[in-house]
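Single-letter residue listing:
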Amino acid sequence: MSEASPSEPVGVVLAVDPDRFAEVVEALRRAGLTVTGEQPIVGTLSGTVAEERIPVLEAIDGVESLDRERVIRLPPPDSPIQ
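So, a few notes on the structure that sits alongside this text. (Residues numbered from 1 in each chain as written. Predicted model: local features only at pLDDT ≥ 70, side-chain atom pairs only at ≥ 80, totals over all residues. Heavy atoms only, no water.)

### Topic: helix α1 (residues 21–30)
In plain terms, the rule: For each residue, the accessible area found with a 1.4 Å probe, counting protein chains only, is set against the maximum for its type, and the residue is called buried under 20%, exposed over 50%, and partly exposed in between. Each helix is a run of H or I in the DSSP string that is no shorter than four residues. Each strand is a run of E no shorter than two, and both are numbered from the N terminus. Regarding the arc, it is the one traced by the directions from the helix axis to the C-beta atoms. Note on contacts: a residue pair is in contact if any heavy atoms of the two residues lie within 4.5 Å.
Taken residue by residue, α1 has F21, V24, V25, A27 and L28 as its buried positions. The arc enclosing the buried residues of α1, seen along the axis, measures out at 160°, which places them on a common side. Pointing more than 90 degrees away from the buried face of α1 are the exposed residues A22 and R30. The elements touched by buried residues of α1 are β1 (9–16), β2 (34–39), β3 (44–50), α2 (54–58) and β4 (63–68). Phi turns positive one or two residues past the end of α1, at G32, with a value near 115°.

### Some points on the sheet that holds β2
Hydrogen bonds along the backbone pair up the strands of a sheet, which may run parallel or antiparallel. Basically, it comes down to this: At least two bridges found by DSSP between two strands are what make those strands a pair. Axes here mean lines fitted to C-alpha atoms, for a helix over just the part in contact, with angles spanning 0 to 180 degrees between N-to-C directions.
Read across the open sheet, the 4 strands follow the order β2-β3-β1-β4; overall the sheet is antiparallel. In the strand order of this sheet, the two ends are held by β2 and β4, each with one partner. Averaged over neighbouring strand pairs, the angle between their axes works out to 25° when direction is ignored. Examined bridge by bridge, β1 and β3 share 7 bridges and lie antiparallel to one another. For V12, the partnering residue across the bridge sits in β3 and is G47.

### Focus: the pattern of salt bridges
The line we're drawing: When a carboxyl oxygen of Asp or Glu lies within 4 Å of a side-chain nitrogen of Lys or Arg, that pair is called a salt bridge.
Under the counting rule described, the total for this entry stands at 5 salt bridges. E23 is paired through a salt bridge with R20; the nearest N and O atoms lie 3.0 Å apart. Residue E23 is classed as partly exposed on the basis of its relative accessible area, which comes to 47%.

And the structure:
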């Protein structure tokens, strides 16, 4: 039987308790998050994680919300789709 391969990393944006920012970010890193951006004053950060690890991140004490990064692709100005 073959093992399931880990999923491709997905981008996530998290809101965490700003008073415990460093502690929560460290717990997120241990749980598999690769941090790509931090805003400690407002308690937000972005990163990448294997999709199957998202429930683990959401369960960490101090995580207030977790959303997948959204990519919006607009058609070029000269496109017939407007």
